[in-house]
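Examining the three-dimensional arrangement
Spelled out, the chains give:
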Amino acid sequence: MPTRFGRSKFSRALRGLLAASRLPWLIAALGATMLLPLVGVMLHFAEFEKDAAIKGAFDDAALMAERGAERQRDIIDAASNLLTVLSRLPQVREAASDVAACSAMLSATSSLYPWISSIFINDPNGEQVCVNDPTIKIGNIGDRAYFKRALEDKQLVVSDLLTGRASRAPRIFAAMPMLNDKVEVSGVIGIGIDVTAMTQVLSIDITNDDDTMAVLLDGQGRLLARAPAGGAMVGDDYSDRPLYQAVKERRSGTAELPALDGSERLFGWRRVGDSSAILAVGILKSDIVARVNQLLYRRMVEIGVAVLIVSAIGLLGGELLVFGPLRELTRTAKRLGAGDSSSRVRLPIAVGEMIQLGHAFNRMAADLGERQAKLIKADRAKSEFLANMSHELRTPLNSVIGFAEIIGSQAMGPVGDASYVEYAEHIRESGRHLLGLINDILDLSKVEAGRMELIEDTVDFGATIRSAVGMMQDQAEKAGVQLHCTVPKRPIAVRADSQRLRQVVLNLISNAIKFTDAGGRVTAEIAIDAESRPTLTIEDTGIGIAADDLPRVMEVFGQVQTQLNRTRSGTGIGLPLTKRLVEMHGGTLDLTSQPGVGTTVTVRFPASRLLDASTQLVA
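A quick note: this is a predicted structure, and the numbers were derived from the prediction, not measured.

In terms of regular secondary structure, the protein is built from 16 helices and 18 strands. A buried classification covers 39% of the 619 residues belonging to the protein. For the protein, contacts bridging at least 24 residues in sequence account for 62% of all contacts bridging at least 6. In the form shown here, the protein has an accessible surface area of approximately 33600 Å², with 56% of it arising from carbon and sulfur atoms.

The periodicity of an α-helix, 3.6 residues per turn, causes residues three or four positions apart to be oriented the same way. Buried within helix α16 (residues 574-584) are the following residues: L575, P576, L577, T578, L581 and V582. Looking one or two places after α16, you find G586, whose phi comes out positive at around 85 degrees.

With that settled, the discussion passes to the pairing of strand β8 (residues 223-227). Within β8, five of the five residues are buried, which leaves it mostly tucked inside the rest of the structure. In the sheet, strand β7 (residues 213-217) pairs with β8 via four bridges, with the strands oriented antiparallel. The residue of β8 that forms the bridge with L217 is L223. Between β7 and β8, which follow one another and run antiparallel, lie five residues, and G221 among them has a positive phi close to 85 degrees.

Time to look at the nonpolar core. Among the nonpolar cores identified, the biggest contains 39 residues, and F461, L483, L508, I509, L536, I538 and V603 are the most heavily contacted of them. Take this core: its biggest share by element is eight residues, from helix α14 (residues 498-514). Look past the residues within four positions of I509 in its chain and what remains in contact with it is V469, M472, L483 and I538. By size, the runner-up hydrophobic cluster in this structure holds 35 residues, among which are L86, L89, V158 and M178.

Here R144 is to be found in the loop between β2 (128-131) and α5 (145-153). Here R144 is buried and forms no salt bridge, its nearest opposite-charge partner D143 lying at an N-O distance of 5.3 Å. Once you skip the residues sitting within four places of it in the chain, R144 turns out to touch L162, T163 and R165.

Our focus in this paragraph is the state of the cysteines. Counted according to the given criterion, the structure contains one disulfide. A disulfide bridge connects C102 with C130, and the sulfur atoms are separated by 2.3 Å. The chirality of the disulfide connecting C102 with C130 is left-handed, given an S-S dihedral of about -110 degrees. With a gap of 28 residues between them, C102 in helix α4 (residues 99-110) and C130 in strand β2 connect regions that are remote in the sequence. Among the residues examined, C102 registers a relative accessible area of 0% and is labelled buried. We classify C130 as buried; its relative accessible area is 1%.

On to the packing of aromatic side chains, then. Within the structure shown, the criterion is met by four aromatic pairs. Between F120 and F173, the ring centres sit 6.1 Å apart and the planes meet at 70 degrees, which makes this aromatic pair edge-to-face. Within this pair, whereas F120 is found in strand β1 (residues 116-122), its partner F173 is found in strand β5 (residues 170-179), the two being separated by 53 residues in sequence. Take F120: its relative accessible area is 2%, and that puts it in the buried class. For F173, a relative accessible area of 8% translates into the label buried. Aromatic pair F461 and F605: ring centres 6.0 Å apart, planes at 90 degrees, arrangement edge-to-face. Of the two residues, F461 is situated in helix α12 (residues 461-471) and F605 in the segment after β18 (598-604); the sequence distance between them amounts to 144 residues. Residue classification places F605 among the buried positions, given a relative accessible area of 6%. These aromatic residues form a ring-pair network of at least three members: F120, Y146 and F173.

Read across the sheet, five strands follow the order β8-β7-β11-β10-β9 without closing on themselves; strand pairing throughout is antiparallel. Among the strands making up the open sheet, the edge pair consists of β8 and β9 (252-258). On average, each strand axis in the sheet is inclined to that of its neighbour by 20 degrees, with strand direction left out of account.

A word on the sheet that holds strand β16 (residues 534-540). Strand pairing in a sheet relies on backbone hydrogen bonds. The paired strands run either parallel or antiparallel. Taken together, five strands build an open sheet; the order of strands is β13-β15-β16-β18-β17 and the sheet is mixed. At either margin of the open sheet sits one strand with a lone partner, and together these are β13 (482-486) and β17 (588-594). Each adjacent strand pair in this sheet contributes to an overall mean axis angle of 10 degrees, direction not counted. Most of the contacts of α14 go to β16, to which it runs at about 20 degrees, and overall it touches β13, β15 (521-528), β16, β17 and β18.

Once that is clear, we can look at unusual backbone geometry. Even without glycine at this site, K154 takes up a positive phi of about 55 degrees. Of note, K154 is situated in the loop between α5 and β3 (157-158). Overall, K154 belongs to the partly exposed group, its relative accessible area being 43%. Phi angles above zero are rare outside glycine, and S532 is one such case at about 65 degrees. If you trace the backbone, S532 turns up in the loop between β15 and β16. We classify S532 as partly exposed; its relative accessible area is 36%.

Packing of α12 against α14 leaves a shortest axis separation of 9 Å and a crossing angle of 45 degrees. By the criterion of interaxial angle, the relationship of α12 to α14 is oblique. As for how α12 packs across α14, the hand of that crossing is right-handed. Here α12 contributes F461, T464, I465, S467, A468, V469 and M471 to the contact with α14, which in turn contributes S498, L501, R502, V505, L506 and I509. Within the contact of α12 with α14, the residues separate by chemical class into nine nonpolar, three polar and one charged.

This paragraph deals with the pattern of salt bridges. For the structure on display, the rule yields 11 salt bridges. Here K55 ties to D59 by a salt bridge, and the two come within 3.3 Å at their closest N and O atoms. Placement of the pair is K55 and D59 together in helix α2 (residues 23-87), with a separation of four residues, close to one helical turn. Note on D59: relative accessible area 29%, which makes it partly exposed.

The rules we used
- Counting restarts for each chain: residues are numbered from 1 in the order of the written sequence.
- Confidence filtering applies because this is a predicted model: local features only for residues at pLDDT of at least 70, side-chain atom pairs given and counted only at 80 or more, and all residues used for totals across whole chains, interfaces and linings.
- In computing side-chain properties, one takes all heavy atoms of the structure into account and sets aside hydrogens as well as water.
- Runs of E in the DSSP output that reach at least two residues are strands. Runs of H or I that reach at least four are helices, and both are numbered from the N terminus.
- Three exposure classes are used, based on accessible area relative to the maximum for each residue type with a 1.4 Å probe and protein chains only: buried under 20%, partly exposed in between, and exposed over 50%.
- Any two residues whose heavy atoms approach within 4.5 Å are treated as being in contact.
- To measure how exposed things are, a 1.4 Å probe is used in the Shrake-Rupley method; for residues, cover is taken only from the protein chains shown.
- Only strands joined by at least two bridges in the DSSP assignment are considered to pair.
- In this text, buried Ala, Val, Leu, Ile, Met, Phe, Trp, Tyr and Cys residues form a nonpolar core when linked through side-chain atoms within 4.5 Å.
- A positive count includes Lys and Arg, and a negative count includes Asp and Glu. His and the chain ends are not counted in either.
- A carboxyl oxygen of Asp or Glu within 4 Å of a side-chain nitrogen of Lys or Arg is what we treat as a salt bridge.
- Our working definition of a disulfide is a cysteine sulfur pair at a distance within 2.5 Å.
- Stacked, tilted and edge-to-face are the three classes assigned to paired rings of Phe, Tyr and Trp, where Trp is represented by its six-membered ring and a pair needs centres within 6.5 Å; plane angles under 30 degrees give stacked, over 60 edge-to-face, the rest tilted.
- Between N-to-C directions, angles cover 0 to 180 degrees, with each direction set by a line fitted to C-alpha atoms, over the stretch in contact for helices.
- Comment on the angle field: the value is read as roughly parallel under 35 degrees, roughly antiparallel over 145, roughly perpendicular from 65 to 115, and oblique elsewhere.
- When the near helix sits turned anticlockwise from the far one by under a right angle, the crossing is termed left-handed; a clockwise turn instead gives a right-handed crossing.
- Residues were grouped as follows: Ala, Val, Leu, Ile, Met, Phe, Trp, Tyr, Cys and Pro as nonpolar; Asp, Glu, Lys and Arg as charged; and all remaining residues, including Gly, as polar.

By themselves, these are just geometric observations and shouldn't be taken as functional.
Written out as structure tokens, the structure is:
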């Protein structure tokens, strides 16, 4: 005879079965009722998403235009700096008395810059005095507008697109007057800039996403460069096109305009420095709209499928398969909205929680949306800051390093006192150290933002390590530290980014040398461990690190201040950056140390990166 518990359970199942006879139609009607409002809501929000996507495309185009204009301005700034330096040299100032010496010096200078087509000096009447290639006959340029402006304004002048009289090729000219001791114009020195170099620079900051196009126009609306290349030709006149008409009067801005090929694009533009050239970047609007529509269609399909599934569950399962899980789903949504990403639906539940479900998911969506907006805003601010700082720091720093190298090598002639050569070397070394620090900060920012990509190839693990160790021998000898490298005779082929792998080794060995006193030893050894993982071990006899301080040194800008390392310079970037580069390869970096004994760093790459030794290797 059934127990009371058994009868109660049977009664509940019987009531559920009776209710289920009406439930399928109720759920089907509920599904249809829910579907129509949801479609309306999706169509309503689709317009907001389309507007947001278009605004984001405008922002991206404006940012790419700004970066591209900065790179084009770098070329003009470099030409200006070079003209300033050259105009002060005796060979230039006395060019008329010794044309051969002047031409030789200009020829040597132009060979250092691939974007220079010619360097020339003309007298105030426009007659040719000296040119980097004596076989070039530029002739009189007194009728050139830029030449006249240089004489009148007594300052740097950049021309619009012109056809070189000697090369018959499209060129841009930068010219600067040379003043004598009486502040009178004694001549004009100029540089011809090859516009093909501008095309190459233009492609650096332009992505192929959404069929992005960039064009560089001069002040008259003629094409200087285009990326990607193809279609329009350098020198083509677009002064009557809507694009040029929209951008010619404003230094920067955004607008929806037909491109040079007729396609509708979302443009952002920027004037290049103080010149009349304009860089415009356009993103294909149809791609942006198509992506938003595709997202809308997918969401509508997902909603339709979800409604069909709910209806099917109602038809097949009734109470036990619909309403119970919905209540659990509500509780799960609450946990997800509170940040518990491990929450899962597990318990059977009953009817009556649809309103709570809507509130829970709304709260979750609001929380996620707010966090995502903050992250996007912070990431964009960080990217803009790094882009601006990289230009503001790198451009003058490269000039300092370049001029220090010219002085140190005495390329322009003896400097007199030998101490100046030593000072120039100090300037160059300090500049390179600062440039390396800037590059490390930018690399670390790219890794943390997920924007660094590995360029993988088949690499000779041993040869790469040996090469990196060899690059550090001079630093080790200056520090009085013995540096050794142990590599197996048989080549070890791995799949990796050779440049980043070398950067890992250089950072680790540089740290080891820095914190090892004179007379100490640093060793680098590679091997294949028992689990077939390529392994690099770097061991030193340096000052060591206390166990409590090990986590701190792996943090960004983390440093340990002790009596032993107080005099060692460092920023706390090298080890965290190195660890992230290793992790991008799927590897691990382990650090063990003992104060007064030394430190051992072990880098292990996954066995999947080990290749057959017969594979063609790249060092």
